[in-house]
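Here is how the chains run, residue by residue.
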Amino acid sequence: MLDRSARGKLLVSGPDAAEFLQGQLTNDIEALDPGEGHHAVLLDRKGHIQADMRVLRLAADELWIDTEPEALEALRGHLEMYKIGRDVQVADLTAERAIVSLIGPRSVEIAGTAALPAYASERAAVHGVPCLVIGTPEGLDLIADAGDAERLRAGLAAAGAVEIDPRAAEILRIEAGRPRFGAEMSSATMPAEAGIVEDAVSFEKGCYIGQEPVARLHYRGKPNRQLRGLALSAPVEAGSALLLGEKEVGRVGSACVSPTRGPIGLAIVRREAEPGAELTVGEDEVTARIVDLPFG
């Protein structure tokens, strides 16, 4: 059990909500039926990521978005600016809703709900608390009123859930090779560099902000930088420089000590740092071997 209530949370509603988001985000929002969702990003006109998010269609005219805290202000400001002239409302529910993640194979059993594929959602009472239940790759996310969060966590704990430190969840993310905005990804990163094109970008939908550079890179070229795994000889700090010879080819985005794999990390590095290459970390004697993702 992990409290992820710090994530930014927006409810976009109104008759024009889906059509509006279709022209702003990278994935096919209008193709979603109620109860479905997917990964999407907001880009600038040069194709750089401004926010990375989960989008859920709750009803025909109601869509939920949650995003990393670092991206909330830019995302909310963008949507408020571009919705002018449309029948769309953008409500910031960050303080009003809690998100509790259940991670592990007993998630459904402990929540007492149906099993859901990733990004699918349904409303259900979880230990007496009304929740929006969402499938995730690791288990379930439960979204409830902030005032009910303590009661929800108590019910889950009584059913066998154990509260974990966020650092434990970070180990799972790093092992799975999933980049995070504010760590590997920033407002200078393109989707292809972060390795999220297949999951978060539709090439079948209509136009959206930043579409041209993303499509051009996808069909005509290769990114100069790519997300890679780092097999480290010792623990390192996020932000440390990665050197191939004397040339800096990137910086550590995230790092941890995996119980099964030892010190590992994620970084977006220049193309010449191919799998098998051995880098040095900063001025230390730590080495980083480039590996494919996810960690095997």
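Here the structure is a predicted model, which is why all the values come from computation and not from measurement.

(A) Quick peek at the overall build of the protein chain. Tallying secondary structure elements over the protein chain gives eight helices and 16 strands in all. A compact globule built from 296 residues would reach a C-alpha radius of gyration of about 19 Å, and the protein chain, at 20 Å, matches this within 12%. Seen through its principal axes, the protein chain has C-alpha atoms that stretch 55 × 50 × 25 Å. Looking at the 296 residues of the protein chain, the share that counts as buried comes to 50%. Here the contacts in the protein chain between residues at least 6 apart in sequence split such that 64% fall between residues at least 24 apart. Computing the positive centroid from 31 side-chain charges and the negative centroid from 46, the protein chain places the two 3 Å apart.

(B) Structural view of the sheet that holds strand β3 (residues 37-43). Strand order in the open sheet made by the five strands is β3-β4-β5-β2-β6, with antiparallel pairing throughout. Edge strands, defined here as strands with exactly one partner in the open sheet, are β3 and β6 (89-92). Direction aside, neighbouring strands of the sheet carry axes that sit 30 degrees apart on average. Inspection of the sheet shows strand β4 (residues 49-59) paired to strand β5 (residues 62-67) by six bridges, in the antiparallel sense.

(C) The arrangement of the sheet that holds strand β13 (residues 247-258) in detail. Sheet architecture is closed into a barrel: six strands sit in the order β11-β14-β13-β12-β15-β16, paired in antiparallel fashion. Strand-to-strand twist in this sheet, taken as the mean axis angle between neighbours without regard to direction, amounts to 40 degrees. Packed onto the sheet, helix α5 (residues 166-176) meets β13 and β14 (262-270) and runs at close to 130 degrees relative to β13.

(D) Focus on the nonpolar core. Counting 42 residues, the largest nonpolar core has Leu-21, Met-53, Ile-65 and Leu-79 as the members making the most contacts within it. Those residues in contact with Leu-79 that lie beyond four places of it in its chain are Leu-10, Val-12, Phe-20, Leu-21, Gln-24, Ile-65 and Val-90. Formed by 17 residues, the second largest nonpolar core is a distinct cluster that contains Leu-102, Ile-110, Cys-131 and Val-133.

(E) Local environment of helix α2 (residues 69-82). Its 14 residues give α2 an end-to-end C-alpha distance of 21 Å, which sits within 8% of 20 Å, the value for a rise of 1.5 Å per residue. Looking at the buried side of α2, the elements it contacts are β2 (8-13), α1 (17-22), β3, β4, β5 and β6.

(F) Up close: the pattern of salt bridges. Under the defined criterion, the tally for this structure stands at 22 salt bridges. The shortest N-O distance in the salt bridge between Asp-3 and Arg-153 comes to 3.3 Å. Within this pair, whereas Asp-3 is found in strand β1 (residues 2-3), its partner Arg-153 is found in helix α4 (residues 149-158), the two being separated by 150 residues in sequence. Asp-3 gets classed as partly exposed once you look at its relative accessible area, which sits at 36%. Across the salt bridge formed by Arg-228 and Asp-292, the nearest N and O atoms sit 3.3 Å from each other. Taken together, the positions of Arg-228 in strand β11 (residues 225-232) and Asp-292 in the segment after β16 (287-291) put the pair 64 residues apart, joining distant regions of the chain. Arg-228 sits in the buried class, given a relative accessible area of 14%.

(G) Main features of the pairing of β3. Counting buried residues along β3, seven of its seven residues qualify, which places the element largely inside the surrounding structure. Taking the residues between adjacent antiparallel strands as the criterion, β3 and β4 are bridged by five residues, where Gly-47 takes a positive phi near 85 degrees.

(H) Geometry of the environment of Ala-288. Residue position: Ala-288 is located in strand β16. It is 13 Å that separates the C-alpha atoms of Ala-288 and Gly-253, two residues lying 35 residues apart in sequence. Apart from residues lying up to four places away in sequence, Ala-288 is in contact with Leu-230, Ala-231, Leu-232, Leu-242, Ala-277, Glu-278, Leu-279 and Val-281.

(I) Region of interest: the environment of Val-286. Within the secondary structure layout, Val-286 lies in the loop between β15 (278-281) and β16. Taking relative accessible area as the criterion, Val-286 reaches 11% and is therefore assigned buried. Residues Val-286 and Ser-233 lie 53 residues apart in sequence; the distance between their C-alpha atoms is 5.6 Å. Each residue touching Val-286, except ones within four places of it in the same chain, is listed here: Ser-233, Ala-234, Val-236, Leu-279, Thr-280 and Val-281.

(J) Broad picture of the pairing of β11. As judged from the seven bridges shared by β11 and β14, these two strands associate in the antiparallel manner. Across the sheet, Leu-227 pairs through a bridge with Ile-268, a residue of β14.

(K) Inspection of α4 at higher detail. Listed as buried for α4 are Ala-149, Leu-152, Gly-155 and Leu-156. The arc enclosing the buried residues of α4, seen along the axis, measures out at 130 degrees, which places them on a common side. For α4, exposure combined with an orientation more than 90 degrees from the buried face picks out Glu-150 and Ala-158. The first or second residue beyond α4 is Gly-160, which carries a positive phi of 120 degrees.

How each quantity is defined
- Residues numbered from 1 in each chain as written.
- Predicted model: local features only at pLDDT ≥ 70, side-chain atom pairs only at ≥ 80, totals over all residues.
- Heavy atoms only, no water.
- Helix = DSSP H or I, 4+ residues; strand = E, 2+ residues; numbered from the N terminus.
- Rg over C-alpha atoms; globule rule 2.2 N^0.38 Å.
- Buried < 20%, exposed > 50% of the residue type's maximum accessible area, 1.4 Å probe, protein only.
- Contact = heavy atoms within 4.5 Å.
- Lys, Arg positive; Asp, Glu negative; His and termini not counted.
- Charge placed at Lys NZ, Arg CZ, Asp CG, Glu CD.
- Pairing = 2+ DSSP bridges.
- Axes fitted to C-alpha atoms, helices over the stretch in contact; angles between N-to-C directions.
- Core = buried A, V, L, I, M, F, W, Y, C linked by side-chain atoms within 4.5 Å.
- Expected span 1.5 Å × (residues − 1).
- Salt bridge = Lys/Arg side-chain N within 4 Å of Asp/Glu carboxyl O.
- Arc of directions from axis to C-beta.

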